[in-house]
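# Notes for the structure review
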Amino acid sequence: MAQDFTRTYAETRDASDTLAPYRGEFYLPTDGIYMDGNSLGLLSKRAEQTLLESLNDWKELGIDGWMSGRHPWFNLSEQLAALNAPLIGARAEEVMVTGSTTVNLHQLVASFFKPEGKRTKILADTLTFPSDIYALKSQLELRGLDPAEHLVQVSSPDGRYLKEEDIIAAMTDDIALIVLPTVLYRSGQILDMARLAKAAHERDILIGFDACHSVGAIPHAFHDWGVDFAYWCNYKHLNGGPGSVGGLFVHERHFGTTPGLAGWFGSRKDKQFDMDHTMTPADHAGAFQIGTPHVLSLAPQLGALEMFNEVGMDAIREKSLALTTYMTTLIDEVLAPYGFVIGSPRSETQRGAHLSLEHPEAARICKALKQHRVIPDFRAPNIIRLAPVALYNTFTDVYDVVMTLQTIMENKEYEAFENVREVVA
Ligand SMILES: Cc1ncc(COP(=O)(O)O)c(C=O)c1O
Ligand SMILES: Nc1ccccc1C(=O)C[C@H](N)C(=O)O
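All values reported here derive from a predicted model rather than from experimental measurement.

### Digging into the overall build of the protein chain
Each helix and strand in the protein chain was counted, giving 14 helices and 13 strands. The buried share among the 425 residues of the protein chain stands at 56%. When contacts within the protein chain are restricted to residue pairs at least 6 apart in sequence, long-range pairs at least 24 apart make up 72% of them. Each charge class in the protein chain can be summarised by its mean position, and for the 37 positive and 55 negative side chains these summaries are 3 Å apart.

### A closer look at the packing of helix 12 (residues 313-334) against helix 14 (residues 395-410)
Where helix 12 contacts helix 14, the axes come no closer than 10 Å and their chain directions differ by 25°. The orientation of helix 12 with respect to helix 14, classified from their angle, is roughly parallel. Handedness of the crossing formed by helix 12 with helix 14: right-handed. On helix 14, the residues that touch Lys319, Ala322, Leu323, Tyr326, Met327, Leu330, Ile331 and Val334 of helix 12 are Phe395, Val398, Tyr399, Val401, Val402, Met403 and Gln406. Here the residues of the contact of helix 12 with helix 14 sort into 13 nonpolar, one polar and one charged.

### Some words on the site of ligand 1
Taken together, the residues surrounding ligand 1 are Ser100, Thr101, Thr102, Phe129, Asp132, Asp210, Cys212, His213, Tyr235 and Lys236. Taking threonine 101, its side chain carries an N or O atom lying 3.4 Å from an oxygen atom of ligand 1. Looking at the shell around ligand 1 residue by residue, the class counts come to three nonpolar, four polar and three charged.

### Description of a nonpolar patch on the surface
The grouping of Leu52, Leu55, Trp58 and Leu296 at the surface amounts to a nonpolar patch, some 390 Å² of accessible area in total. Take the nonpolar patch: its biggest share by element is three residues, from helix 2 (residues 45-61). Following the sequence through the fold, leucine 296 ends up in helix 11 (residues 295-311). The class of leucine 296 is partly exposed, set by a relative accessible area of 37%.

### Topic: the site of ligand 2
By nearness alone, every residue bordering ligand 2 is listed as Ser39, Phe129, Tyr185, His213, Tyr235, Lys236, Arg379, Arg385 and Val424. In this structure, histidine 213 approaches ligand 2 through a side-chain N or O atom, which is 2.9 Å from an oxygen atom. Between an oxygen atom of ligand 2 and a side-chain N or O atom of arginine 379, the distance comes to 2.8 Å. Out of a free accessible area of 360 Å², ligand 2 has 68% covered by protein chains. Of the residues in the shell around ligand 2, the class split is four nonpolar, two polar and three charged.

### Observations regarding the pairing of strand 6 (residues 206-210)
Judged by how many residues are buried, strand 6 sits mostly within the fold: four of five residues are covered. In this region the chain leaves strand 5 (residues 175-181), passes through helix 8 (residues 193-202) and returns to the parallel neighbour strand 6; the handedness of that crossover is right-handed. Relative to strand 7 (residues 229-232), strand 6 is paired through three bridges, and the arrangement is parallel. Residue pairing for strand 7: phenylalanine 209 is matched across the bridge by alanine 230.

### Brief notes about the side chain of threonine 394
Considering the arrangement of structural elements, one finds threonine 394 in the loop between strand 13 (383-386) and helix 14. Among the polar contacts made by the side chain of threonine 394, one reaches the main-chain amide nitrogen of aspartate 397 at a distance of 2.8 Å.

### Re the sheet that holds strand 12 (residues 377-379)
Ordered by their spatial adjacency, four strands build an open sheet running 9-10-13-12, and the pairing between neighbours is antiparallel. Lying at the two open borders of the sheet, with one neighbouring strand each, are strand 9 (341-342) and strand 12. Here strand 12 pairs with strand 13 via three bridges, running antiparallel. Counted as the bridge partner of arginine 379 is isoleucine 383 from strand 13.

### As for the UniProt feature "binding site: pyridoxal 5'-phosphate" (unreviewed entry) in the protein chain
Here, UniProt's "binding site: pyridoxal 5'-phosphate" (unreviewed entry) annotation points to Thr101, Thr102, Phe129, Pro130, Ser131, Asp132, Asp210, His213, Tyr235, Trp264 and Thr292. The annotated residues occupy 192 residues of the chain and do not converge on a single region, their most distant C-alpha atoms lying 30.0 Å apart. Inspection of the secondary structure puts threonine 102 in helix 4 (residues 101-112). Residue classification places threonine 102 among the partly exposed positions, given a relative accessible area of 27%. Aside from chain neighbours lying at most four places away, what touches threonine 102 is Ser131 and Ala135. Along the chain, the position of threonine 292 falls in the loop between helix 10 (269-272) and helix 11.

### Observations concerning the UniProt feature "modified residue: N6-(pyridoxal phosphate)lysine" (unreviewed entry) in the protein chain
With numbering aligned to this structure, UniProt lists the feature "modified residue: N6-(pyridoxal phosphate)lysine" (unreviewed entry) at Lys236. If you trace the backbone, lysine 236 turns up in the loop between strand 7 and strand 8 (247-250). For lysine 236, a relative accessible area of 9% puts it in the buried group. When near neighbours in sequence (up to four residues on either side) are disregarded, lysine 236 contacts Gly37, Asn38, Ser39, Leu40, Gly41, Cys212 and His213.

What counts and what doesn't
- The written sequence of each chain sets the order in which its residues are numbered from 1.
- Throughout, the order in which chains and ligands are written sets their labels, letters from A for the former and numbers from 1 for the latter.
- Totals for whole chains, interfaces and linings use all residues, but because this is a predicted model, local features are given only for residues with pLDDT of at least 70 and pairs of side-chain atoms are given and counted only at 80 or more.
- By convention in this description, side-chain values take in all heavy atoms of the structure and omit both hydrogens and water.
- Each helix is a run of DSSP H or I of at least 4 residues and each strand a run of E of at least 2, with the numbering of both proceeding from the N terminus.
- Note on exposure labels: buried denotes an accessible area under 20% of the residue type's maximum, exposed denotes more than 50%, and partly exposed covers the range between, all computed with a 1.4 Å probe on protein chains only.
- Between two residues, a contact is recorded if the distance between any of their heavy atoms is within 4.5 Å.
- We treat Lys and Arg as the positive residues and Asp and Glu as the negative residues; His and chain ends play no part in the count.
- Charge positions come from single atoms, namely NZ of Lys, CZ of Arg, CG of Asp or CD of Glu.
- Where helices are involved, their axes are fitted lines through C-alpha atoms of the stretch in contact, as for all axes, and angles between N-to-C directions lie from 0 to 180°.
- Roughly parallel covers angles under 35 degrees, roughly antiparallel covers those over 145, roughly perpendicular covers 65 to 115, and oblique covers all other angles.
- Rotating anticlockwise by less than a right angle from the far helix to the near helix defines a left-handed crossing, while the corresponding clockwise rotation defines a right-handed one.
- Lys, Arg, Asp and Glu make up the charged group, whereas Ala, Val, Leu, Ile, Met, Phe, Trp, Tyr, Cys and Pro make up the nonpolar group; the residues left over, Gly among them, are polar.
- Nearness is defined per residue: one heavy atom within 4 Å of the molecule or strand is enough.
- Pairs of N or O atoms within 3.5 Å make up the polar contacts considered here, provided that, within protein, one atom can donate a hydrogen while the other can accept it, and that residues adjacent in sequence are counted only when both atoms are side-chain atoms.
- Here, patches come from residues exposed beyond 30% relative accessible area and free of salt bridges, joined within 9 Å for like charges and within 5 Å for nonpolar side chains (Val, Leu, Ile, Met, Phe, Trp, Tyr).
- Here the open area of atoms and residues is found with the Shrake-Rupley method and a 1.4 Å probe, where only the protein chains shown may cover a residue.
- By definition, a salt bridge exists where a carboxyl oxygen of Asp or Glu is found within 4 Å of a side-chain nitrogen of Lys or Arg.
- Crossover handedness is defined by viewing with both strands directed away from the observer: a clockwise path from the first strand over the helix to the second marks the crossover as right-handed.
- At least two bridges found by DSSP between two strands is the condition for calling them paired.
- UniProt positions are given in the numbering used here, feature names are shortened, and annotations may be inferred rather than shown by experiment.

What follows is the structure in structure tokens.
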């Protein structure tokens, strides 16, 4: 069917969507449209079930829940690592579900940043998420290195995108480590990780990626690309729940590296309860765990990740691109008179799973959207992020959101609100 701009067209696309049955697995808002799965994914019935099962194990088993019950807690992180691994293109032993994004970055930099001789600097970029920069600066300071000199941030020519050639040009012989996002949190640009990893290694530099905005959104091949490490959260596209435990990847060539931040849960599991004061680290990515896993923030991931493994990242990516491409076409057609700029890549190979819509009145347009029960998020100073999620959004959702935006703009409904951000979104 040729694309047209009717709601019937959107309904026809939904009717032939093979992922459509998954929508029924989620708790969706009953009175509106959720478009913020890039910030906090929704609860699914399966995630709820595995959380309740773990809660019940605690209720019934107490301490014995570590080794028995529905999902024994002692191996839960390893079990989830095996479910995360296919999503990022890694071997199960290269992955651990542990910590949080920022804590895992601290752990990985503490373990892999080895300033020596002339190589004393870390390379990052100016568009990355602030927490990463705070962590990198504090890691430098812990080593007595001044971030003003030792943190190099590649800048963006336009404030939206980074150019791989600029990043490669900044890979000079004083750089020891590179930390970059896989997908930029504002524009949704995908960086060419394979190319960057190759360029870094040709120059003897280690490279790690923040995969918060790509895990569960696009396929990865971290192992084959030779990426040294990566870290991510499981609460956005992976729907693990607010504050859900994060993930990390360490390429197998680095197995045996001493963890910078050691703790007893990084031990070989058969040795951990020997209670020896000399640690025997696990001989895989498990070595980078620190303390006791946050079991109740792991448990929902069992149900949530099962769906991703069932469907596979290729099918998720295919639908996600179909949704964002459809949204782009509608925005171009319907919102053209109102001064919006799409601040996300037009090219599908460079586009992550959300669209960034820029407008000088963005803060109050977001508030008007929320009044219509459409949930986007806002990033200062002028970005509305919209994420039509493959597992639970529809083409009709996309259509309705764009039409709601048209109504808001046409009737200047946003003028009823102040153009200032709210606390979170
Ligand atoms: C790209 C990116 N990096 C880091 C973080 C920080 O994650 P956390 O607060 O879970 O450590 C986030 C989200 O909050 C993020 O989107
Ligand atoms: N962790 C959070 C806690 C509270 C509110 C938002 C977040 C986010 O994750 C924001 C997201 N990282 C972003 O790309 O803006």
